[in-house]
Amino acid sequence: MWCNVIFIVIVFTIAFIGFTGYSLAKDNANNLAPGQHSRVELADKLGQLPPKNFLEEPMGAMCYDTAVPLNRTQFICPICGEMTVYHSSFGDNIEELPTYLLLVRKITKIDVKLDDTQFCKKCNPGISSPQYCLLVKYGKNEEAHKTCGITDEDINLLYEFSEGSKDHITSYTRDKRPMTEYKKRLEELLGTKIKI
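This one's a predicted model, so the numbers in the text were calculated from it and none came from an experiment.

The number of helices and strands found in the protein chain is five helices and seven strands. In sequence order, the secondary structure elements of the protein chain are arranged as α-α-β-β-α-β-β-β-α-β-β-α. Sequence separation of at least 24 residues holds for 42% of the intrachain contacts in the protein chain that already meet a minimum separation of 6. If you sum the accessible surface of the protein chain, you get close to 15100 Å²; carbon and sulfur atoms cover 59% of it.

Dropping the structure here:
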C-alpha cells in the first residue's frame, strides 16, 4: 500500500513540475524580461533606420567580384561560310556590320557593295586589323574600284552625292557642310575624277 501512495505522490509531483514549467514558458513568451523589446518595437526601430548610402560604404577587395562576360560577335564569311568569333574588348569594329549594310543598301544610283571579307580568319589569316571596304563597279567587264578603311561617314557621303545633294550632313555633329569640301574623299571612294 505504501508503494501505491509513493507511486501516486511521484506521479503528482512530476505532473505538478511539468505544468509549472509549461506555465512559466508560456508567461515568458508573452511577458518579456526587463530591457528586451517586443517584435513590434523591433520592427519600429528597423523602420527608423536611415537608408543605406552605397557611396559612403568603404570599398573592399575587388578580386571577389564576378567577372563581366566578354561581348562576342560571330562573323559568318559570305565567301567560305566559316565563322569567326570576335570579342568587342579587342577594338574590332565588327559590331558595326549591320549598320554599314543598311547604309549601303540605301545607295541605289551607284553600283556599290560592302566588302567585309577581311573579318574572315580563314580567307584572310594574315590580317590583324580587319577593315570594311567599298566596291564600286561601273560595268560588267570592268574591275571594281576598292576602297578600304571606310566609315559610316563615307557611306553617307556617297549616298548624298548619288542623290544629287549639294550639302553633306555630318554623322556626329549633324552639321550641314558643302559637298565641295568632300571632293577629294569622294574621288577616292569612287575611283574617278568628279566635277562638283
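Still to come is the rest of the account.
The sheet built from three strands is open, its strands ordered β3-β4-β5 with antiparallel pairing. Every interior strand has two partners, whereas the edge strands, β3 (111-115) and β5 (145-148), have only one. The average undirected angle you get between the axes of adjacent strands in this sheet is 20 degrees. Packing against the sheet, helix α3 (residues 97-106) makes contact with β3 and β4 (133-137), and its axis sits at approximately 175 degrees to β3.

Moving on, we come to the packing of α3 against helix α4 (residues 152-162). Axis separation between α3 and α4 bottoms out at 9 Å; the angle between their running directions is 10 degrees. Classed by the angle they form, the pair α3 and α4 counts as roughly parallel. Residues Y100, L103, V104 and K106 of α3 touch α4, and the partners they reach there are D152, I155, N156 and Y159. Taken together, the residues that form the contact of α3 with α4 break down as five nonpolar, one polar and two charged.

Attention now moves to unusual backbone geometry. You will see that R174, though not glycine, has its phi angle at about 60 degrees, which is positive. On the basis of relative accessible area, R174 is assigned to the exposed category, the value being 56%.

If you look at the biggest cluster of nonpolar residues, it comprises 27 residues, and the most contacted ones within it are L134 and L158. Taken together, the elements giving at least two residues each to this core come down to α3, β3, β4, α4 and α5 (183-190). Ranked by residues supplied to this core, first place goes to α3 with four residues. Apart from the residues lying within four places of it in its own chain, the contact partners of L134 are V104, V112, K113, L114, H145, K146, T147, I150, I155, L158 and L189.

The next thing to look at is the side chain of E160. Mapped onto the elements of the fold, E160 is located in helix α4. Here E160 occupies a buried position and makes no salt bridge, while the nearest side chain of opposite charge, R174, is found at 6.6 Å. Every residue in contact with E160, bar those within four places of it in the chain, is listed here: S165, D167, H168, I169 and M179.

If you walk through the whole model with that rule in mind, you get one disulfide. Here C77 is not disulfide-linked; the sulfur of C120 is the nearest cysteine sulfur, at 3.7 Å. Accessibility expressed as a relative area gives 4% for C77, which makes it buried. We note that C120 lacks a disulfide partner, and the nearest cysteine sulfur, in C80, lies 3.6 Å from it.

The next thing to look at is α4. Within α4, nine of the 11 residues are buried, which leaves it mostly tucked inside the rest of the structure. All of the buried residues along α4 are D152, E153, D154, I155, N156, L157, L158, E160 and S162. Looking at the buried positions of α4, the neighbouring elements they touch are α3, β3, β4, β6 (167-169) and α5.

Here we come to a nonpolar patch on the surface. Residues I76, M83 and V85 make up a contiguous nonpolar surface patch of about 260 Å² in total accessible area. Using a relative accessible area of 45% as the deciding quantity, one classes M83 as partly exposed.

Tracing the backbone shows K121 in the loop between β3 and β4. It is 8.4 Å that separates the C-alpha atoms of K121 and E82, two residues lying 39 residues apart in sequence. When sequence neighbours within four positions are dropped, the list of residues in contact with K121 reads T84, Y86 and I127.

Conventions adopted
Residues numbered from 1 in each chain as written. Predicted model: local features only at pLDDT ≥ 70, side-chain atom pairs only at ≥ 80, totals over all residues. Heavy atoms only, no water. Helix = DSSP H or I, 4+ residues; strand = E, 2+ residues; numbered from the N terminus. Contact = heavy atoms within 4.5 Å. Areas by Shrake-Rupley, 256 points an atom, 1.4 Å probe, with all protein chains shown as cover. Pairing = 2+ DSSP bridges. Axes fitted to C-alpha atoms, helices over the stretch in contact; angles between N-to-C directions. Parallel < 35°, antiparallel > 145°, perpendicular 65-115°, else oblique. Nonpolar A, V, L, I, M, F, W, Y, C, P; charged D, E, K, R; others polar. Buried < 20%, exposed > 50% of the residue type's maximum accessible area, 1.4 Å probe, protein only. Core = buried A, V, L, I, M, F, W, Y, C linked by side-chain atoms within 4.5 Å. Lys, Arg positive; Asp, Glu negative; His and termini not counted. Salt bridge = Lys/Arg side-chain N within 4 Å of Asp/Glu carboxyl O. Disulfide = S-S within 2.5 Å. Patch = residues over 30% accessible without salt bridge, like charges linked within 9 Å, V, L, I, M, F, W, Y side chains within 5 Å.

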